[in-house]
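# An overview of the molecular structure
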Amino acid sequence: MEITYSFLQQYWWFLIALLGALLVFLMFVQGGQSLIFSIGKTEMQQKMLINSTGRKWEFTFTTLVTFGGAFFASFPLFYSTSFGGAYWVWMLILLCFVIQAISYEFQAKKGNLLGKRTYQVFLIINGILGPILIGTAVGTFFNGAEFFVDKTRITEVGMPVISSWATPWHGLEAVTNLWNVCLGLAVFFLSRVLALLYFINNIQDDEIDSRCRKRLPLEAGLFLVFFLAFVIKLLLSKGFAVNPETQEIYMAPFKYWHNLIEQPLVLGILLVGVVLVLFGIANPLMSKFQTKGIWFAGVGTVLTVLALLLCAGWNNTAYYPSNADLQSSLTISNSCSSYFTLKVMMFVSFLIPFVLAYIFYAWRALDIHKINEQEMEGKEHTY
């Protein structure tokens, strides 16, 4: 059976969507950083919180880098347009992750230049700005960005640059769109919900456990307000559709609603994901002995984000719309790599299950014992 170019485009958008979904789940690390001083009231409790997330920050950073690398390899025109045009947003995101790595590694070292508390503040900055910026950037997948694409310029000898940004803000204008920020805040509060669920599961301390359970309804309520507002607006508004015959981009009423109805599998994934997130939130609220909510909510987060990103790119939809020039909008067919590149990389991608298996093994090894005061006072490596 011959593998078609269209199948490869769909396949790689699925992998991109899956990586994005995993990244959003792993943002619980950032959510936990933003709660250091509100959940941890003593220095020992703060140390347990920092070490709980500190053992997972590499997974989040690696997933972000892999997400960017996969986008570059499979849809290079998006990479050059967004990363090359909206560079202020991406530079701020990378800066947040860089200060995170520095903070974890240097805060506990004796004689560090800035002092322990400064590095902890850096973690809080990353915990707040990281999720909001990433959520706001993803919001442009649905609400559009300010750029032009002219592929005829590839033949210019002096400046063969086919993508250009329409504003001098280079991506920062995304924060002026209410719905982009709405999604950013939804990701932020979701990261805090997941962090609270993770602390309940990962830390053995009665006071931390009690504070996390009391804080959970507030953070969950704020998440649901922003998430539902974004999804309802998305389903009721016009979307960026692609004519499959002419590849013309046009505005279609209720486009993303039709994407769900016309793709029942994607709709099913979304509904299952939402139910699992809600069940994961309710799990520790039903009984003080319930600690597994993070796994229900985590799987639900991956499924929900996966479904939303599939809606953004599948079913003849422009996944990166241009508000400056509608016909410059990027689709999975006009921005992808060559047939040969996508096919070769598809075979390479078959190694992904082995990588996931290793991550699962490493995760389980790190979490085999809950974090407690005795471990923090021991001589083993701690942050």
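Above: the structure in question.
Being a predicted model, the structure only gives us computed values, none of them experimental.

### Details of the overall build of the chain
- A tally of helices and strands in the chain yields 16 helices and four strands.
- Its C-alpha atoms give the chain a radius of gyration of 22 Å, within 12% of the compact-globule value 21 Å for 383 residues.
- Reported as C-alpha extents along the three principal axes, the dimensions of the chain are approximately 65 × 45 × 45 Å.
- Looking at the chain residue by residue over its 383 residues, the buried ones come to 52%.
- Pairs at least 24 apart in sequence give 77% of the contacts found in the chain among residues at least 6 apart.
- With the model as given, the accessible surface of the chain reaches about 18000 Å², and the carbon-plus-sulfur share is 70%.

### Here we look at the environment of lysine 116
- Secondary-structure assignment places lysine 116 in helix H8 (residues 116–143).
- When its relative accessible area of 33% is taken as the criterion, lysine 116 is described as partly exposed.
- For the pair lysine 116 and phenylalanine 106, spaced ten residues apart in the sequence, the C-alpha separation amounts to 8.0 Å.
- Those residues in contact with lysine 116 that lie beyond four places of it in its chain are Glu43 and Gln107.

### What to know about the packing of helix H5 (residues 57–74) against helix H6 (residues 76–85)
- Where H5 contacts H6, the two axes come as close as 5 Å, and the packing angle between them is 120°. Judged by the angle between their axes, H5 and H6 are oblique. Facing Gly68, Phe71, Phe72, Ala73 and Ser74 of H5, the residues of H6 in contact are Pro76, Phe78 and Tyr79.
- Here the residues of the contact of H5 with H6 are counted per class, giving six nonpolar, two polar and no charged.

### A look at a nonpolar patch on the surface
- A cluster of nonpolar side chains, namely Trp88, Met91, Leu92, Leu95, Trp169 and Leu172, defines an oily patch on the protein surface of about 600 Å² accessible area.
- Judged by its relative accessible area of 40%, tryptophan 88 falls in the partly exposed class.

### Some remarks on helix H14 (residues 339–348)
- Within H14, burial applies to Leu342, Met345 and Met346. The arc enclosing the buried residues of H14, seen along the axis, measures out at 110°, which places them on a common side. The outward face of H14, more than 90 degrees from its buried face, is lined by the exposed residues Phe340 and Val348.
- Looking at the buried side of H14, the elements it contacts are helix H1 (5–26) and H5.

### Regarding the pattern of salt bridges
- What the rule picks out here adds up to four salt bridges.
- Ionic pairing is found between arginine 211 and glutamate 207, a salt bridge with its closest N-O pair at 3.2 Å. With arginine 211 and glutamate 207 both in helix H10 (residues 206–236) and four residues apart, the pair spans about one turn of that helix.
- Look at arginine 211 and you get partly exposed, because its relative accessible area is 23%.
- With its nearest N and O atoms 2.7 Å apart, the salt bridge here joins aspartate 209 to arginine 213. Residue aspartate 209 and its partner arginine 213 are located together in helix H10, separated by four residues, close to a single helical turn.
- For aspartate 209, a relative accessible area of 19% translates into the label buried.
- Residue classification places arginine 213 among the buried residues on the basis of a relative accessible area of 11%.
- Connected through shared salt-bridge partners, Arg192, Arg215 and Glu219 make up one network.

### Regarding the pairing of strand E3 (residues 239–242)
- Every second residue of E3 is oriented toward a common face, with Gly239 and Ala241 on one face and Phe240 and Val242 on the other, all of them buried.
- Relative to strand E4 (residues 249–252), E3 runs antiparallel, the two being bridged by four bridges. Residue pairing in the sheet places alanine 241 in a bridge with tyrosine 250 of E4.
- Linking E3 to E4, which pair antiparallel, is a turn of six residues; within it glutamine 247 sits at a positive phi near 65°.

### Some words on unusual backbone geometry
- One non-glycine residue, phenylalanine 254, adopts positive backbone phi at about 55°.
- By secondary structure assignment, the location of phenylalanine 254 is in the loop between E4 and helix H11 (255–262).
- Even without being glycine, asparagine 316 reaches a positive phi, approximately 55°.
- You can call asparagine 316 partly exposed: its relative accessible area is 40%.

Rules of the game
- Residues numbered from 1 in each chain as written.
- Predicted model: local features only at pLDDT ≥ 70, side-chain atom pairs only at ≥ 80, totals over all residues.
- Heavy atoms only, no water.
- Helix = DSSP H or I, 4+ residues; strand = E, 2+ residues; numbered from the N terminus.
- Rg over C-alpha atoms; globule rule 2.2 N^0.38 Å.
- Buried < 20%, exposed > 50% of the residue type's maximum accessible area, 1.4 Å probe, protein only.
- Contact = heavy atoms within 4.5 Å.
- Areas by Shrake-Rupley, 256 points an atom, 1.4 Å probe, with all protein chains shown as cover.
- Axes fitted to C-alpha atoms, helices over the stretch in contact; angles between N-to-C directions.
- Parallel < 35°, antiparallel > 145°, perpendicular 65-115°, else oblique.
- Nonpolar A, V, L, I, M, F, W, Y, C, P; charged D, E, K, R; others polar.
- Patch = residues over 30% accessible without salt bridge, like charges linked within 9 Å, V, L, I, M, F, W, Y side chains within 5 Å.
- Salt bridge = Lys/Arg side-chain N within 4 Å of Asp/Glu carboxyl O.
- Arc of directions from axis to C-beta.
- Pairing = 2+ DSSP bridges.

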